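Tertiary structure, described
Listed here are the chains, written in short residue letters.
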Amino acid sequence: MAKKLRIEGLSYRYALGGRNVLDGADLDVEAGEKILLAGGSGSGKSTLLKVISPATMPRGTVSGRVLIDGTDVNSIPRAEIISKVSYVAQNPETQIVVDTVYGELAFSCENTGISGVEIRRRIAWTATYFGIESLLKRRISELSGGQKQIVSLAAAIMLKPEILLLDEPTTYLDPVAAVRFLDLVDSINRDFGTTVIVAEHRISEFAGRFDRVVKVENGKVTDIETDFCGGATDVFYDKVFSLNGKNKNESAPTVMVRNLAFRYDRNGQNVLDGVDLLIPKGSVFALLGGNGCGKTTFLRCLTGELKPQQGKIKIDGKLSAMTQNPLSMFIEETVRKDLRFFLKRKGATGKEADEKIREIAKKLELTDSVLDSHVLDLSGGEVERAAIAKLILAGADVMLFDEPTKGLDDTAKKRLAELMRTLSGEGITSVFVTHDINFTLAAADCAGVLSGGTIL
Amino acid sequence: MHRFRNYHPITKLAFFAVIFAISMFTENPAVRGMSLVGAVTALAAGGTPLKRLLKYIGGGIVSVLLIGVMNCFIAHDGKTILFDLLRRHITLEAFYYGLSAGVMIVGVAMWCVFITDETDTEDLVMTLGKVLPFVSVVITVTLRYIPEIIKKFRETLSAQKMLGIFESKGYFKRALIISKVFMSVTERSVENAMDMASTMKARGYGLVRRASARHKKWRESDTDLLLVTAFCAAFIAVGEKTGDFGFAYYPSPAFVKFGLYAIPMIVACALLFLLPAGQVIDWRIRWQKSFESKA
Amino acid sequence: MAERNTLKRIIAYLAVALIIPAMIVTFAVYLPKKAFMPVAVGIAFVAVAAFMLCFERGADNAAKAVLAAVFTALSVAGRVLFAATPGFKPVFAMTIFAGAYLGGETGFMVGAFSALLSNFFFGQGGWTIFQMFTWGLIGLVAGLLGPILRKHTAILCTVGFFAGPMFSLVIDVWSTVWIFGKFSWSSYLVTAMNALPFTIMYAVSNVFFLLILARPMRRTMNRITVKYGLLHQKRRLDRR
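Residues numbered from 1 in each chain as written. Chains lettered and ligands numbered in written order. Predicted model: local features only at pLDDT ≥ 70, side-chain atom pairs only at ≥ 80, totals over all residues.

1. A closer look at the overall build of chain A
The criterion, for reference: Only DSSP runs of H or I with at least four residues qualify as helices, and only runs of E with at least two residues qualify as strands; both kinds are numbered from the N terminus onward. Partly exposed residues are those falling between the two cut-offs: more than 12 but fewer than 20 other C-beta atoms within 10 Å of their own, whereas 20 or more means buried and 12 or fewer means exposed, with C-beta atoms placed from the backbone. Residue pairs are scored as contacts if the distance between their C-beta atoms, which are placed from the backbone, is within 7 Å.
In terms of regular secondary structure, chain A is built from 16 helices and 19 strands. If you line up chain A on its principal axes, its C-alpha atoms span 75 × 55 × 45 Å. Among the 456 residues that make up chain A, the fraction classed as buried is 44%. Taking contacts inside chain A between residues at least 6 apart in sequence as the whole, the part at least 24 apart equals 73%.

Below you can see the structure in the form of structure tokens.
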């Protein structure tokens, strides 16, 4: 019997890219198999997922064959291939097209001309299956990141695909939401026999859920054995605990918070309820805590965006916060132009500005090509570093980050951690809120957990 | 929440078109007045906060007077001459005509507020989805982008404020920053759009003529309302034609004729204009009863 | 062949763009009020519907649909974000850009839908259809002049400058009839004088936004043309 999906000697090169991203890749997938596609960033795992279906193939040159049930994909009519293979892009911002959840679920089916009655029936069943009936009438802009990703998945299932391709679906999710999402993927695979391929860089955490792990490297696909399994988090938490409380005995802290309380509603509950916190100068402080525990509220109190009803905040030096999307820091087309404009507005002459930019670029390892490319062409890690450069030029002594690792790959995370450590050596304090235990271990020298309205 | 909101978009469109047409085409101050009263009661019954309502009414009175005065300088007919300005008569009748026009304008404006409260973008998407499926996609995508763009703009602007380059040093410099922020948001959105276009294509957009899943059932109540509206409109149209309820402003304001046909016409107007308010009140009573029965 | 088609289109569009406002003004002068309103609403409605139908044929192109959506969203969001400064809005600018870069029909749609959708925030009313129509016309005209507007910022700003008064003048015809019951030049003058601050504000803000956004917009459109390979679709985009 023919394989569900067979990739034979697939090579692919982007229209503007010089090299072959895929170079003779082979892969056989059985029906109902669940595969984890590993590989570093830029290894071509996203490209592989996109090239499988002609409907998602970006502009470029391709050779080799992709067969579904023994038929070449290029000989399958477009309408059919769309309902056979569903691809979910990494970023819900571009994956979700329509303004309401209901419309989003309907979108693909509407495109293939399925009747309105049938679509409504499918929406009802799908929403029930995913447990998202309560979201149906909501607008996409009101949803959380986790909810958006689940809506994307539900929308992908609406056409009853045989093969489901997910491109780094957990990048923008916190661990709890990521697990919930993968549980849903598991049940789709089990209940409908859908073949699933997930591209992911967090292999260690998720490998145990999959039938097989394959790796994309040098344009080829190889099977790899993984001996990773869960359970290691205990060790992580032990290490994190050891970071906890290191900041208690500090005589001259940069950030001092005393008995801080905040509530959004006059009659509501206190979100923050007596927070005490000392952060020593030049340290890297990680703030952990579950969803909705008030981490972001706390940051907004620190920046002065929210006025707490009780308590005192004292900050020694200038505090600057990174925006949730670091791109929002820039208003010019390239980093260099932006920094120049910024410094000039701050009163520097052109020469001084250039000098300062050269200095900071050297320190933060921003190459000329990073400085001079369009900001929208930079990778997530590069934008983040450039944004930090801007914060430092603005004279920040304390930098606040809200989920700085969201959307970053492992290499970028590592570099960010190193950068925070370097800056801490120069007396610049970093405070970040995160779910990422690994990153906390790599970057932070003290940590706290926000729970029950206080930081412990 | 309101009863009126639940009508089919086409029913709503037809109803409001008739309301508009009648309010705007009649010169009869009685009909115009009824329209205004209907709009205000509809707003009040619809749960508009008192403060907002009073603001509307206050603004309405000012506008009515203003238009009244303005008309004095434009129209110079009428027999009661108040005084002469630049060799033109300023007449009381022209003032009256202006007042009456003001009542109409304020009435229509109030109806507009009511419409805006009672319709939303979903109505638009549902209606267009059947006729122009691709255009309706453009609208839904637009609606998806609007909040995103507003969020991005606010985030970017507040970041610039935080970085300290937005301290007010002249309007032009601030405007420059704001427009730079707007431009960067534009760039990001346009780029984002291209990615979105490729996901749309991947999801089969443009392959065949689209179906439309977002819809609203046509219910008996829709038919009922349409019939009532049509009957009332017909009565009023005939009434206007016969001139039994005619009104003239010049040379002095008076009913030209008050014929037999005036009565059904008044009834039809009252019915039509007070219908939305009545509907909402009826719905509120049921709502109340339903809760009481539970308790 | 393609040349001649473009010429035909230009003539057809110019005809639409010039004749319809002329018709409305003429009707306002010569028709009694009771006939004017339905006729004017009818004309505006038919024109908007006709362009929607034209656009519907091209909107199955995903890139075109999304770009139209983004420009519309930008102008609606702009109207919301700049709500504090009356008249100072990027709506005209975005409509003109949409026309210049995406073609006249898309420009018309962007203008028309900017009016329709932003009125869900600012209040729907009898004026909606005229606003849709007039903003649409501005997008259409920008589409006709597309190649020139894309190249010369000065002409772009000039068009923007005159788009403000043009919008006001057309809308004022309608408001005059609505408020004063009949059209007369003196009442029209009063209405126009009342709207003058807005008219000036429109003209100024249009020039401001166009001037500042022209270069970045050109850059952005070039960028996506290169990056996403719109180049070979460019002609199709223009034509539709």
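Next, the rest of the story.
2. A short note on the overall build of chain B
This is how the line gets drawn: The globule rule is 2.2 Å times the number of residues to the power 0.38, and the radius of gyration it is compared with is taken over C-alpha atoms.
Each helix and strand counted, chain B has nine helices and four strands in total. In terms of C-alpha radius of gyration, chain B reaches 26 Å, well past the compact-globule figure of 19 Å for 295 residues. Taking all 295 residues of chain B together, 46% fall into the buried category.

3. As for the interface of chain C and chain B
The line we're drawing: Basically, the charged four are Asp, Glu, Lys and Arg, the nonpolar ten are Ala, Val, Leu, Ile, Met, Phe, Trp, Tyr, Cys and Pro, and anything else, Gly included, counts as polar.
The partner chain B presents 46 residues to the 46 residues of chain C that form the contact. Of the residues forming the side of chain C that touches chain B, the biggest block, 16 residues, is contributed by helix H3 (residues 62-81) of chain C. Residues belonging to the side of chain C that touches chain B are distributed by class as follows: 32 nonpolar, 11 polar and three charged.

4. Some remarks on the environment of C:Leu211
Residue and element names in this part refer to chain C. On the secondary structure map, Leu211 appears in helix H10 (residues 196-227). A sequence separation of 57 residues divides Leu211 from Ala154, and the C-alpha atoms of the two residues are 8.1 Å apart. Not counting the four nearest positions on each side in its chain, Leu211 is found in contact with Thr153 and Cys157.

5. A short note on helix H7 (residues 175-192) of chain A
Residue and element names in this part refer to chain A. Going by this rule: Expected helix span is taken as 1.5 Å per residue step, with the number of steps being one fewer than the number of residues. Comment: arc refers to directions from the helix axis out to C-beta atoms.
If you check H7, its first and last C-alpha atoms are 26 Å apart, about what 18 residues at 1.5 Å a residue would give, namely 26 Å. Those residues of H7 not exposed but buried are Ala178, Leu182, Val185 and Ile188. For H7, the buried positions fall inside an angular range of 110° around the axis, keeping them on one side. Seen from the buried face of H7, the exposed residues on the opposite side, beyond 90 degrees, are Val176, Asp183, Ser187, Arg190 and Asp191. Just past H7, the residue Gly193 takes up positive phi, approximately 65°.

6. Quick look at the sheet that holds strand S2 (residues 22-29) of chain A
Residues and elements named next belong to chain A. To keep things clear, this is the line we draw: A strand pair is defined by DSSP finding two or more bridges across the two strands. Lines fitted to C-alpha atoms define the axes here, with helix axes fitted over just the stretch in contact, and angles between the N-to-C directions of these axes take values from 0 to 180 degrees.
Read from one edge to the other, the open sheet built from four strands follows the order S2-S1-S4-S5, with strand pairing classed as antiparallel. Each of the sheet's edge strands pairs with one partner strand only, and the pair in question is S2 and strand S5 (71-72). The sheet contact formed by strand S1 (residues 5-14) and S2 spans five bridges and is antiparallel. In the sheet register, Leu10 faces S2, and the bridge partner there is Ala25. Taken strand by strand, helix H1 (residues 45-52) contacts S1, S2 and strand S4 (60-68), and its axis lies near 65° from that of S2.

7. A word on the domain arrangement of chain B
Operational definition: Those domain boundaries reflect an automatic or database domain assignment.
Its domain assignment divides chain B into domain 1 (4-120 + 222-294) and domain 2 (124-202). Placing the centre of domain 1 of chain B and that of domain 2 of chain B at their C-alpha centroids yields a distance of 39 Å.

8. As for the packing of helix H1 (residues 9-25) of chain B against helix H5 (residues 121-131) of chain B
Pairs of packed helices are described in terms of their axes, by the angle between the two and the distance that separates them. Residues and elements named next belong to chain B. The criterion, for reference: An angle below 35 degrees is treated as roughly parallel, one above 145 as roughly antiparallel, one from 65 to 115 as roughly perpendicular, and anything else as oblique.
One can describe the packing of H1 onto H5 by two numbers: an axis separation of 9 Å at closest approach and a directional angle of 105°. It follows that H1 is roughly perpendicular to H5 by the angle criterion. Facing H1, whose interface residues are Pro9, Ile10 and Lys12, H5 presents Asp123, Met126 and Thr127. Looking at the contact of H1 with H5, its residues break down into three nonpolar, one polar and two charged.

9. Focus: the sheet that holds strand S17 (residues 429-433) of chain A
Residue and element names in this part refer to chain A. Spatially, S15-S16-S17-S13-S18-S19 is the arrangement adopted by the six strands of the open sheet, whose pairing is mixed. Of all the strands in the sheet, just strand S15 (319-321) and strand S19 (454-455) have a single pairing partner and so form its edges. Sitting on the sheet, helix H10 (residues 295-303) touches strand S13 (284-288), S15, strand S16 (398-402), S17 and strand S18 (446-451), and the angle it makes with S16 is about 150°.

10. Some remarks on the domain arrangement of chain A
All names here are of chain A. Each assigned domain of chain A is listed here: domain 1 (5-224) and domain 2 (234-455). Taking the mean C-alpha position of each, domain 1 and domain 2 sit 34 Å from one another. Listed per partner, the contact involves eight residues of domain 1 and seven residues of domain 2. Classifying every residue of the side of domain 1 that touches domain 2 gives three nonpolar, four polar and one charged.

11. A few points about the packing of H3(C) against helix H5 (residues 104-122) of chain C
Residue and element names in this part refer to chain C. Put simply, the rule reads: Crossing handedness is defined as follows: a turn of the near helix away from the far one that is anticlockwise and smaller than a right angle gives a left-handed crossing, while the clockwise case is right-handed.
In contact at an axis separation of 9 Å, H3 and H5 are set at 40° when each is read in the N-to-C sense. Judged by the angle between their axes, H3 and H5 are oblique. Considering only the axes of H3 and H5, their crossing is right-handed. The segment H3 lies against H5, with Lys64, Ala68, Phe71, Thr72, Ser75, Val76, Arg79 and Val80 engaging Thr106, Met109, Val110, Phe113, Ser114, Leu117, Ser118 and Phe121. Taken together, the residues of the contact of H3 with H5 sort by class into nine nonpolar, five polar and two charged.

12. Focus on the confidence of the model for chain B
Detailed reading of the predicted coordinates is not advisable wherever pLDDT falls low. Residue and element names in this part refer to chain B. The criterion, for reference: A residue's pLDDT is the predictor's confidence in that residue, given on a scale from 0 to 100.
Mean pLDDT over chain B works out to 83, with 98% of the residues at or above the 70 mark. Per-residue pLDDT, averaged within each element of chain B, yields its smallest value for strand S1 (residues 81-85) (72) and its largest for helix H6 (residues 133-163) (88). With a pTM of 0.86, the predicted complex shows an ipTM of 0.84.

13. A look at helix H9 (residues 185-194) of chain C
All names here are of chain C. What H9 keeps buried is the set Ser187, Tyr188 and Thr191. Mapping the buried residues of H9 onto a view down its axis gives an arc of 105°, with all of them on the same face. More than 90 degrees from the buried face of H9, the exposed residues found are Trp185 and Met193. Turning to H9, the residues buried within the fold contact helix H8 (153-180).

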